[in-house]
Amino acid sequence: MTTIEQSAPAPTAAPRTRPSFARRHRAGLITTASILVVLVFWEVVGRQMNPIFSSYPTAIVRQFGVQLKSGLLVEALFDSLQPLLLGFVVAALIGFPVGLLVGRYRAADAALGVYVTAGYAMPLVALIPLFMLWFGLGFTVKVVIVVVMTVFPVVINTRAGVRAVPRALTEVGTSFMASEFAVLRKIILPATVPHIMTGLRLGIGRAVIAIVIAEFFTAIGGLGGQIILAGQRFDTAGLFVPVIVLMALGVGLTRLVGWLETKVAPWADATADRD
């Protein structure tokens, strides 16, 4: 007589529950709440102060609408964006190869490293009168100021990225008879991309500062010119409008560089998620 053994049913995996909306967007909700708290506090305190010394969000929003409708804000933003973006691109195109050379070759570091360190540490605003003598008061001098104030973070971070590449990786490449160009392109460059992007993010902040300084010292125009003119009229609400636009511009461009990093170096983003 045979007995039929019935095997126990395999345990079923518990269904995955999707995280709640608050859990999925926790960081964004915290940021939004923080901004709202600051705006409410600013509104309450600002209404109690003399409008010559401060303003408040609703007055700034009204002034924003006035400047937007008149076209002054759009024109000023366009005037500032042109030299800012051109100067930033030129600084990136100069800073990346220089940082790569200085980080990879000791002779290049010995020749150029001292200038990189001195240029980053020196208050470059002191050179603006000299730039004005050389390049005038127009578009060119603004681009030069942006380039000079932006290039050094790119160089320094690129150099740090090259030096952070483990020597074992480059030795493996040379042991397989790879050329120096192949080692740079296939080993050093991919490992250095996250550092380059960090330099670009730091450079964005310096570029925004540089364009405002350039417009303060040179021809009155752009968002920096709007700040000067509003300050001369004691129009604090009108002064805050270009300041906030510059803040939003800096944050937006920094986020854009961060998004570009996820496309150029997705492996760095995955490593950060694991950490």
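Just so it is clear, the structure is predicted and the values come from calculations on it, not from any experiment.

Bringing the overall build of the protein into the picture now. Secondary structure assignment for the protein yields 12 helices and 0 strands. Overall, the protein shows an N-to-C arrangement of helices and strands of α-α-α-α-α-α-α-α-α-α-α-α. Taking all 275 residues of the protein together, 36% fall into the buried category. Summed over its atoms, the accessible surface of the protein is roughly 17,300 Å², and 69% of this surface lies on carbon and sulfur atoms.

This part is about the nonpolar core. By size, the foremost hydrophobic cluster in this structure holds 43 residues, and its most contacted members are L84, I145 and L200. Elements represented by at least two residues in this core include exactly α4 (72–104), α6 (128–135), α7 (139–164), α9 (180–217), α10 (222–232) and α11 (236–264). Apart from residues no more than four positions distant in its own chain, L84 is found in contact with V146, A207, V208, I211, L249 and L253. L100, V162, V165 and I187 belong to the second-largest nonpolar core, a separate cluster that totals 7 residues.

Attention now goes to the UniProt feature "transmembrane region" (unreviewed entry) in the protein. Per the UniProt record, "transmembrane region" (unreviewed entry) is found at residues 27–45, 84–103, 110–128, 134–156, 208–230 and 237–257. Taken end to end, residues 84–103 is 100% helix and 0% strand, and its two terminal C-alpha atoms sit 27 Å from one another.

Turning to a nonpolar patch on the surface, a few remarks are in order. Together, V40, F41, V44, V45, M49, I52, F53 and F234 make up an exposed nonpolar region whose accessible area comes to about 850 Å². Positionally, F53 belongs in the loop between α2 (26–47) and α3 (57–70).

In this section: the packing of aromatic side chains. All told, the structure shown has 4 aromatic pairs when counted by the stated rule. Geometrically, the ring pair formed by F131 and W134 is tilted, given 6.2 Å between the ring centres and 55° between the ring planes. Taken together, the residues span about one helical turn, with F131 and W134 both in helix α6 at a distance of 3 residues. Judged by relative accessible area, which is 9%, F131 ranks as buried. Residue W134 is classed as exposed on the basis of its relative accessible area, which comes to 55%. Summarising the aromatic geometry, the rings of F131 and F135 are spaced 6.4 Å apart at their centres and angled 55° between planes, so their arrangement reads as tilted. Taken together, the residues span about one helical turn, with F131 and F135 both in helix α6 at a distance of 4 residues. According to the relative accessible area criterion, F135 is partly exposed, its value standing at 37%.

Turning next to the packing of α2 against α3. Between α2 and α3, whose axes approach to 8 Å, the crossing angle comes to 95°. One way to sum up the angle between α2 and α3 is to call them roughly perpendicular. Along the contact surface, α2 presents L39, W42, E43 and R47, while α3 presents P57, T58 and I60. Residues of the contact of α2 with α3, tallied by class, amount to 4 nonpolar, 1 polar and 2 charged.

The next point concerns the pattern of salt bridges. Counted under the stated rule, the structure contains 4 salt bridges. As a salt-bridge pair, R159 and D109 come within 3.5 Å of each other at their nearest N and O atoms. Of the two residues, R159 is situated in helix α7 and D109 in helix α5 (residues 106–121); the sequence distance between them amounts to 50 residues. Judged by relative accessible area, which is 14%, R159 ranks as buried. Two residues, D109 and R163, come together in a salt bridge whose shortest N-O distance is 2.5 Å. Highlighted residues: D109 in helix α5 and R163 in helix α7, separated in sequence by 54 residues.

Every buried residue belonging to α10 is among G222, L223, G224, G225, Q226, I227 and A230, and all of these are buried. As for α10, its buried residues are in contact with α3, α4, α9 and α11. The positive-phi residue at the C-terminal boundary of α10 is F234, with phi of around 55°.

For the rest of this paragraph, the subject is the packing of α10 against α11. Each pair of packed helices gets described by two things: the angle between the helix axes and the distance between those axes. Closest axis-to-axis distance for the α10/α11 pair is 8 Å, and the angle between their directions is 155°. Put simply, α10 runs roughly antiparallel to α11. The interaxial crossing formed by α10 with α11 has left-handed handedness. Note on element contacts: α11 touches α10 through G238, L239, P242, V243, V245 and L246, opposite L223, Q226, I227, A230 and G231. For the contact of α10 with α11, the per-class residue count stands at 8 nonpolar, 3 polar and no charged.

How each quantity is defined
- Residues numbered from 1 in each chain as written.
- Predicted model: local features only at pLDDT ≥ 70, side-chain atom pairs only at ≥ 80, totals over all residues.
- Heavy atoms only, no water.
- Helix = DSSP H or I, 4+ residues; strand = E, 2+ residues; numbered from the N terminus.
- Buried < 20%, exposed > 50% of the residue type's maximum accessible area, 1.4 Å probe, protein only.
- Areas by Shrake-Rupley, 256 points an atom, 1.4 Å probe, with all protein chains shown as cover.
- Core = buried A, V, L, I, M, F, W, Y, C linked by side-chain atoms within 4.5 Å.
- Contact = heavy atoms within 4.5 Å.
- UniProt positions renumbered as here; feature names shortened; annotations may be inferred.
- Patch = residues over 30% accessible without salt bridge, like charges linked within 9 Å, V, L, I, M, F, W, Y side chains within 5 Å.
- Salt bridge = Lys/Arg side-chain N within 4 Å of Asp/Glu carboxyl O.
- Phe/Tyr/Trp six-rings, centres within 6.5 Å; stacked < 30°, edge-to-face > 60°.
- Axes fitted to C-alpha atoms, helices over the stretch in contact; angles between N-to-C directions.
- Parallel < 35°, antiparallel > 145°, perpendicular 65-115°, else oblique.
- Nonpolar A, V, L, I, M, F, W, Y, C, P; charged D, E, K, R; others polar.
- Left-handed = near helix turned anticlockwise from the far one by under 90°.

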